[in-house]
Amino acid sequence: MKADEKDDGYEKAGCSPDNHNFKDTCAKDTYVNETGLRVYGRGKPVRLFVAGLHGDEWRDTTEILMKIEPPEKGTLALIPLVKKGDYTSTLDPAYYPVIGISILEAIEDLNPEIYIELHSYSRENFEKLAGRDRLERIGVPAYSSLKAGVLLGSVSPWIRKKYFPKEALCLSFEIQKGNPGSREFTASMLEVLKETESRDEFVEFLRKEFPEQARKAIEDYRRFYGEI
């Protein structure tokens, strides 16, 4: 977008889309741009939450981000809906440069320290995501089961390795489709994450609230990516 083609969201906020340092210059509820990116707050830490990444997952994930409130400190950026209809796995290297291009653009502009993806799954696919043989089957660690059908894992290695330093917190939540309790619990986890200031802070929270899942997540991360 050129400087003379600002949409209403930028005009109302008094912020230019060409100013890539907007996290330090714009106020709360800054804008909604043409890709659906919403930015709240300012300064560090910068958190980016995305939902509705492919297929019909938006039905169980988008509303959660639409209802979230700005953080008390730092920046919270949201993409409530990335893409309807098409389904390409985020494990496919072609996903982010094509379907998920808005995610890459937001990452490059914001340099988030915390990156969260919301996905959804059908009950019959639980074992495909959380089964112990997932690493052998498709090359990535299995998700951990938290509560109310919510699964926790890492994001695609393709985006994790290429776009984030090892100190970043990058998580993927899988919400059980058609389960209100699953959506409610995920929303409560995002309330924690939107105020979290670092990876280590959230790891400590996880160790306290979900010790077994935290142990598995740390072991999987070390086995897959190396030392934390």
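Residues numbered from 1 in each chain as written. Predicted model: local features only at pLDDT ≥ 70, side-chain atom pairs only at ≥ 80, totals over all residues. Heavy atoms only, no water.

Right, let's get into the overall build of the protein chain. Regarding its fold elements, the protein chain presents 11 helices and 8 strands. Counting all 228 residues of the protein chain, 48% fall into the buried class. Carbon and sulfur atoms make up 48% of the accessible area of the protein chain, which totals about 11200 Å². (Helix = DSSP H or I, 4+ residues; strand = E, 2+ residues; numbered from the N terminus. Buried < 20%, exposed > 50% of the residue type's maximum accessible area, 1.4 Å probe, protein only. Areas by Shrake-Rupley, 256 points an atom, 1.4 Å probe, with all protein chains shown as cover.)

Here we come to the packing of aromatic side chains. In this structure the tally under the stated criterion is 6 aromatic pairs. Consider the rings of phenylalanine 185 and phenylalanine 210, whose centres lie 6.0 Å apart with planes at 80°: the pair is edge-to-face. One end of the pair, phenylalanine 185, is in helix H9 (residues 180–193); the other, phenylalanine 210, is in the loop between helix H10 (199–209) and helix H11 (211–225), and 25 residues separate them in sequence. Comparing phenylalanine 185 with phenylalanine 210 shows no difference in burial state: the two are buried. (Phe/Tyr/Trp six-rings, centres within 6.5 Å; stacked < 30°, edge-to-face > 60°.)

This part covers the packing of helix H3 (residues 58–67) against H9. Two elements in contact, H3 and H9, have axes whose closest approach is 10 Å; the angle formed by their N-to-C orientations is 40°. In terms of orientation, H3 lies oblique with respect to H9. For the pair H3 and H9, the sense of crossing is right-handed. Contacts between H3 and H9 involve Asp60, Ile64 and Leu65 from the former and Arg183, Thr186, Ala187 and Leu190 from the latter. Looking at the contact of H3 with H9 residue by residue, the class counts come to 4 nonpolar, 1 polar and 2 charged. (Axes fitted to C-alpha atoms, helices over the stretch in contact; angles between N-to-C directions. Parallel < 35°, antiparallel > 145°, perpendicular 65-115°, else oblique. Left-handed = near helix turned anticlockwise from the far one by under 90°. Contact = heavy atoms within 4.5 Å. Nonpolar A, V, L, I, M, F, W, Y, C, P; charged D, E, K, R; others polar.)

Further remarks concern unusual backbone geometry. Note: most peptide bonds trans; most residues except glycine with negative phi. Cis geometry is adopted by the peptide bond preceding proline 45, which originates at lysine 44 and carries an omega value of 0°. One non-glycine residue, asparagine 111, adopts positive backbone phi at about 50°. Owing to a relative accessible area of 49%, asparagine 111 belongs among the partly exposed residues under this scheme. Even without being a glycine, alanine 148 presents a positive backbone phi close to 55°. Mapped onto the secondary structure, alanine 148 falls in the loop between strand S6 (144–145) and strand S7 (151–153).

A few words now on the pattern of salt bridges. Under the counting rule described, the total for this entry stands at 11 salt bridges. One salt bridge connects arginine 183 with aspartate 60, and the closest N-O pair in it is separated by 3.0 Å. Pair noted here: arginine 183 is in helix H9 and aspartate 60 is in helix H3, with a separation of 123 residues, a long-range link. According to the relative accessible area criterion, aspartate 60 is buried, its value standing at 8%. Its salt-bridge partner being arginine 199, residue aspartate 200 comes within 3.3 Å of it at the nearest N-O pair. Classification of aspartate 200 as partly exposed rests on a relative accessible area of 48%. Since its relative accessible area comes to 14%, arginine 199 is described here as buried. (Salt bridge = Lys/Arg side-chain N within 4 Å of Asp/Glu carboxyl O.)

Working note: regular strand, side chains alternate between the two faces of the sheet. Of all the 5 residues making up strand S4 (residues 75–79), 5 are buried; the element is thus mostly covered by neighbouring parts of the structure. Burial along S4 is two-sided: Thr75, Ala77 and Ile79 facing one way and Leu76 and Leu78 facing the other are all buried. Both strand S2 (residues 38–41) and S4 contribute to a ladder of 4 bridges, which runs antiparallel. Directly across from glycine 41, in S4, lies its bridge partner threonine 75. Relative to S4, strand S3 (residues 46–50) is paired through 5 bridges, and the arrangement is parallel. In the strand pairing of S4, valine 50 is matched with isoleucine 79. (Pairing = 2+ DSSP bridges.)

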